[in-house]
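# Fold and geometry: a report
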Number of protein chains: 4
Amino acid sequence: MSLEVKNLGLENSIFNHYIAEIRDSLVQKDRMRFRTNLNRMGQILGYEISKTLKYEEREVITPLGQAFVPVLKDFPVLTTVLRAGLPLHDGLLQVFDRSDNGFISAYRMHHKDNEFEIKVEYASCPSLYERTLILSDTMLATGNSMVLSFQTLIEEYGTPEHVHFVSVIGSSEGVEYLRKNVEIPATLWIGAIDEEMTAQSYIVPGLGDAGDLAFGQKD
Amino acid sequence: MSLEVKNLGLENSIFNHYIAEIRDSLVQKDRMRFRTNLNRMGQILGYEISKTLKYEEREVITPLGQAFVPVLKDFPVLTTVLRAGLPLHDGLLQVFDRSDNGFISAYRMHHKDNEFEIKVEYASCPSLYERTLILSDTMLATGNSMVLSFQTLIEEYGTPEHVHFVSVIGSSEGVEYLRKNVEIPATLWIGAIDEEMTAQSYIVPGLGDAGDLAFGQKD
Amino acid sequence: MSLEVKNLGLENSIFNHYIAEIRDSLVQKDRMRFRTNLNRMGQILGYEISKTLKYEEREVITPLGQAFVPVLKDFPVLTTVLRAGLPLHDGLLQVFDRSDNGFISAYRMHHKDNEFEIKVEYASCPSLYERTLILSDTMLATGNSMVLSFQTLIEEYGTPEHVHFVSVIGSSEGVEYLRKNVEIPATLWIGAIDEEMTAQSYIVPGLGDAGDLAFGQKD
Amino acid sequence: MSLEVKNLGLENSIFNHYIAEIRDSLVQKDRMRFRTNLNRMGQILGYEISKTLKYEEREVITPLGQAFVPVLKDFPVLTTVLRAGLPLHDGLLQVFDRSDNGFISAYRMHHKDNEFEIKVEYASCPSLYERTLILSDTMLATGNSMVLSFQTLIEEYGTPEHVHFVSVIGSSEGVEYLRKNVEIPATLWIGAIDEEMTAQSYIVPGLGDAGDLAFGQKD
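Residues numbered from 1 in each chain as written. Chains lettered and ligands numbered in written order. Predicted model: local features only at pLDDT ≥ 70, side-chain atom pairs only at ≥ 80, totals over all residues. Heavy atoms only, no water.

### Focus: the interface of chain B and chain A
- Across the contact, 50 residues belong to chain B and 50 residues belong to chain A.
- Regarding the contact of chain B and chain A, the summed buried area is about 4,000 Å², with carbon and sulfur atoms giving 58% of it.
- Where chain B packs against chain A, one counts eight salt bridges.
- Ionic pairing is found between R40 of chain B and D97 of chain A, a salt bridge with its closest N-O pair at 2.7 Å.
- Across the contact surface, chain B and chain A share 25 residue pairs in polar contact (both at pLDDT 80 or more).
- Only α1 (14-23), α2 (31-50), β2 (55-62), β3 (65-72), α3 (86-95) and β14 (203-204) of chain B provide two or more residues apiece to the side of chain B that touches chain A.
- The greatest single-element share of the side of chain B that touches chain A, amounting to eight residues, is contributed by α1 of chain B.
- Across the side of chain B that touches chain A, the residue classes break down as 25 nonpolar, 15 polar and 10 charged. (Contact = heavy atoms within 4.5 Å. Buried area = accessible area lost by both parts, 1.4 Å probe. Salt bridge = Lys/Arg side-chain N within 4 Å of Asp/Glu carboxyl O. Polar contact = N/O pair within 3.5 Å; in protein donor to acceptor, adjacent residues only side chain to side chain. Helix = DSSP H or I, 4+ residues; strand = E, 2+ residues; numbered from the N terminus. Nonpolar A, V, L, I, M, F, W, Y, C, P; charged D, E, K, R; others polar.)

### Regarding the sheet that holds strand β10 (residues 169-171) of chain D
Residues and elements named next belong to chain D.
- The three strands lie next to each other as β8-β10-β12, forming an open sheet whose pairing is parallel. The sheet is open, and its two borders are formed by β8 (139-140) and β12 (192-194), each paired with just one other strand.
- Those strands touched by helix α5 (residues 172-181) are β8, β10 and β12, and its axis lies near 80° from that of β10. (Pairing = 2+ DSSP bridges. Axes fitted to C-alpha atoms, helices over the stretch in contact; angles between N-to-C directions.)

### A word on the relation of the copies chain D and chain C
- Of the two same-sequence chains, chain D is brought onto chain C (RMSD 0.0 Å, axial shift 0.0 Å) by a rotation of 180°. Such values leave the two copies arranged in the relation of a two-fold axis. Rotation axis and chain D: the residue whose C-alpha lies nearest the axis is I44 of chain D, separated from it by 3.8 Å.
- Both copies share a contact surface, since 100% of the interface residues of chain D are interface residues in chain C too. (Least-squares fit on C-alpha atoms with pLDDT ≥ 70 in both.)

### Digging into the pairing of strand β2 (residues 55-62) of chain A
Residue and element names in this part refer to chain A.
- The pairing of β2 with strand β3 (residues 65-72) spans eight bridges and is classified as antiparallel. Note that in β3 the partner of E57 across the bridge is P70.
- Hairpin connection from β2 to β3: two residues lie between these consecutive antiparallel strands.

### A closer look at the sheet that holds strand β8 (residues 139-140) of chain A
Residues and elements named next belong to chain A.
- Read across the sheet, three strands follow the order β8-β10-β12 without closing on themselves; strand pairing throughout is parallel. Each edge of the sheet is formed by a strand with only one pairing partner; in this case those strands are β8 and β12 (192-194).
- Pairing of β8 with strand β10 (residues 169-171), which is carried by two bridges, proceeds in the parallel orientation. In the strand pairing of β10, L140 is matched with G170.

### Describing the packing of α1 of chain B against α2 of chain B
All names here are of chain B.
- The geometry of α1 relative to α2 is characterised by a closest axis approach of 10 Å and an angle of 150° between their N-to-C directions. Our classification of the angle between α1 and α2 gives roughly antiparallel. Seen along the crossing, α1 lies across α2 with a hand that is left-handed. Only R33, F34, N37, L38, R40, M41, I44 and L45 of α2 make contact with α1, whose side of the interface consists of I14, F15, Y18, I19, E21 and I22.
- Of the residues belonging to the contact of α1 with α2, the class tally is 10 nonpolar, one polar and three charged. (Parallel < 35°, antiparallel > 145°, perpendicular 65-115°, else oblique. Left-handed = near helix turned anticlockwise from the far one by under 90°.)

### Concerning the relation of the copies chain B and chain A
- Its rotation angle being 180°, the transformation that places chain B on chain A also includes 0.0 Å of axial translation and leaves an RMSD of 0.0 Å.
- Mapped onto chain A, 100% of the interface residues of chain B are again interface residues, and the two copies thus contact each other with one and the same surface.

### Focus on α1 of chain B
- For α1 of chain B, the buried fraction is high: 10 of the 10 residues fall into the buried class.
- Considered for burial, the residues of α1 of chain B that qualify are I14, F15, N16, H17, Y18, I19, A20, E21, I22 and R23 of chain B. (Buried < 20%, exposed > 50% of the residue type's maximum accessible area, 1.4 Å probe, protein only.)

### Quick notes on the side chain of D137 of chain A
- Residue position: D137 of chain A is located in the loop between β7 (132-136) and β8.
- For D137 of chain A, the contacting residues outside a window of four places in its chain are V81, A84, G85, L88, S145, M146, V166, S167 and V168 of chain A.

### Remarks on the interface of chain D and chain C
- Contacts between the two partners involve 50 residues from chain D and, on the opposite side, 50 residues from chain C.
- Around 4,000 Å² of area is buried between chain D and chain C when both sides are counted, 58% of it from carbon and sulfur atoms.
- Seen at the junction of chain D and chain C, the total is eight salt bridges.
- Across the contact surface, chain D and chain C share 25 residue pairs in polar contact (both at pLDDT 80 or more).

### Describing the confidence of the model for chain A
- Taken as a whole, chain A shows an average pLDDT of 95; of its residues, 99% reach a score of 70 or greater.
- Model confidence for the complex is summarised by a pTM of 0.96, with the ipTM given as 0.94. (pLDDT = per-residue confidence, 0-100.)

Listed below in structure tokens is the structure:
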């Protein structure tokens, strides 16, 4: 199944300016601004996704008359990968304020040899069956975490009609991994695709660890 | 000079859903949601405008390397017409958080015969000379208020290189009036253009009085 | 008539931390943080004021039963002095989201000799008659601007039952001027009272020009 | 060890008004307002907690002089119980924007006989050793979830110097359970304490399921 890739960074907009800020190690010192930038990017990504959704005409009574206006047919389900995805999810939820929400945790369990495996522990989600799912994670590095989260979600909550993956920065390898491992109609919305990764699977130049930058280091 | 009109409502997006909410006299009972909707629309309009601005490449040092990313060359000046424009301005300022800002007040002085004239009283603004100006007012009814505000601004603060007018709902007559009275390169960004106006120059179907809906009736 | 002064800065809380940030010329470089700090202080001041307002019991039906809970009897009117008061007003409005709002502009018209007079130009406000008014301006320097705004408001919109003046930083002189010139039951809520003023009537150490710091210099 | 209980609902403030709104099954239909109310309550609770923290004087250079102002000595760690705690946590983080954050998931595993046990699955947290911890969960029903989360946290991340538990609505039984099971200096900050619980351990009158009301039902 083909994955459509929508890289917002290819067209200049204020989105690229925010990308510059979240990458910048000096600007990163202000965690509140870092989170605000992810929130703003979540709003922009949500708005761009909203252009692809279905609308239906509704009659609305204004104080001065009657209007026929298109409204969203169904709100998408917003599911995010903990913890780094939370500020991005906040932005998406600000756009789709009536959406149902899901949360899933996936983490890298490191082994001595710099290898790691992704573990899914926590999942709370509404039914996804035949719905539109927006699955967000701030970074798309190897893609393991996004794919494993997605596979867990469809196993436990049903197969959505369409999935929109949302990340701010990804690696070429992560995009390819996603392409190979998603079997339903899918779109990836992203702001930048970097070429390299470190031995520890951090994107280069990337921005570092998005979870740490938003919420502080964990023990 | 030609005015380019960008009507966001012609393409379906969540923006139209917000238009439906702000028009709806039942949803209007919640002032906080009314203001939030204007704020969200201000953010979307600001983002769409940002696609037309100029960017330049900057080198940014990330924790893991170096990246060349486009950043906004100059932040536009954000000026709004009081009081109704304030929630829209909040949204624009959330997008362009480093912008200089201006405020101008223009009001309808009513005469006995339902006629009225627009009076500009208060203006606080940075220099506009050769800059990009975003001038926002929630409604574009007759267009008198927007035009008079604009003329006052350029007289007192200099002529901008380009002006982006921003409104949520306008009337066809208001759009024409703007077209006839603006002499510099200009774009109008708007969400809906209604055909009619009442004898009191309220847009029909419109949404009523945006200032009252956001802030309560004034005495 | 006596003015009650509530200086939140006398008891340590995060409010003082925000005061430190808005005073700090390095932190001031980030306008978004400056505005956010004023917004947060507006919320705290609004909450503290809310402890002095009147409540009445209301029956509420929950999904699992019935509860009797105190709700605000009347929402106060929130009026702010343009333009510096706007971020503070945003915070107050976030607390009292159903309030009616007013805006008034008062500015210093400078003469050659460093003298200046305060001019009120624009006023939009609901009736204040027998209501509770919260009148906010970020700085209380000489007090002229607050007093003239207040006098204009009661002349044009009626005398409130009680007025709560809200400022973030004031001068001792400004507090005294307010005390001498307000004839109705009044409370001043403030975060710090500085001893001195410059020849240009800026508070020392103060924070500089709050309007410029939030919105950029005006021409 | 004694638990100090600070019930904000005993003194009237806008906090009680928000309590009324989140309990009200009609107002609950607007999920955005429900989340906003929890966010605002999180901010108020954070502010009240901030009055008990330690401050130290710092010299700050303003544009016009030098000031000595108290700043927060150490930011508390903000940990929340997923998913219901998230909107409350957002409010706390808005107050303490430089804090380190933790997330923990605990859920009720239901058995056929209406019995259930609390399971902790996911925990991500900085070191808590000798720090101040604010642990938030929207509802304090049986208290099992808060206590088990707390015990897991101190086992894995060290014993804090002080813990502030934060909930919006609790049951008397939950408060007692907490009192009996916490062995370090602790304060409970809460907005209302209800007397009863259903057989399924929902607080009565309470407000229903806070997670569902904020984020939609999970499958």
